[in-house]
Amino acid sequence: MHNLIKKDNKFIEVQLGVLVFQKDEAYIAYCPALELSTYGDRIGDVKTAFDDLIKSYMEDSIKMGTLEKDLRAHGWDMPQTPKGAFSYFLA
């Protein structure tokens, strides 16, 4: 999957591929583009856990000013840096 970043002066939209699979009794959600993963006992639990994980990742990365550096380290291309504060939303 191609990672996509759309941005303007106030928002950044990132589309990510997330693999969800079952291993033994647990469900695993893994995002190869960011090397993030989490688990849950049920499919709904793992989706909620991943939403919480990506929210924390975005909040912490933005707060520390490391989002662009981390995305580049994972192979993302950001042709221009947005000015101002980042906001995000989970669909």
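First, a word on scope: everything that follows refers to the structure included in this document.

What counts and what doesn't
Residues numbered from 1 in each chain as written. Predicted model: local features only at pLDDT ≥ 70, side-chain atom pairs only at ≥ 80, totals over all residues. Heavy atoms only, no water. Helix = DSSP H or I, 4+ residues; strand = E, 2+ residues; numbered from the N terminus. Expected span 1.5 Å × (residues − 1). Buried < 20%, exposed > 50% of the residue type's maximum accessible area, 1.4 Å probe, protein only. Arc of directions from axis to C-beta. Contact = heavy atoms within 4.5 Å. Core = buried A, V, L, I, M, F, W, Y, C linked by side-chain atoms within 4.5 Å. Salt bridge = Lys/Arg side-chain N within 4 Å of Asp/Glu carboxyl O.

This part covers helix H1 (residues 43–64). Taking 1.5 Å of rise per residue, 22 residues should cover 32 Å, and H1 covers 31 Å from first to last C-alpha, within 8% of that figure. Among the residues making up H1, those that are buried are Val46, Ala49, Phe50, Ile54, Tyr57, Met58 and Ser61. For H1, the angular spread of buried residues about the axis comes to 165 degrees, placing them on one side. After H1 finishes, the residue Gly65 shows a positive phi value of roughly 75 degrees.

Bringing the side chain of Thr38 into the picture now. Secondary-structure assignment places Thr38 in strand S5 (residues 36–40). What Thr38 contacts, discounting residues up to four positions off in sequence, is Tyr27, Ile28, Ala29, Val46, Ala49, Phe50 and Leu53.

Quick look at the nonpolar core now. Core analysis: the biggest nonpolar cluster contains 13 residues, and Leu34, Leu36, Phe50, Ile54, Tyr57 and Leu71 have the highest contact counts within it. Elements that contribute at least two residues to this core include exactly strand S4 (26–31), H1 and helix H2 (67–73). It is H1 that provides the largest number of residues to this core, a total of five residues.

Turning our attention to the pattern of salt bridges. For the structure on display, the rule yields two salt bridges. Taking the shortest distance from any N to any O, the salt bridge between Asp45 and Arg42 comes out at 3.4 Å. Given a relative accessible area of 30%, Asp45 falls into the partly exposed group. For the salt bridge of Arg72 with Glu68, the shortest nitrogen-to-oxygen distance reads 2.9 Å. Of this pair, Arg72 and Glu68 both sit in helix H2, four residues apart, which is roughly one turn of the helix. The class of Arg72 is partly exposed, set by a relative accessible area of 40%. Using a relative accessible area of 21% as the deciding quantity, one classes Glu68 as partly exposed.

The quantities given are spatial measurements derived from coordinates; they are silent on function.
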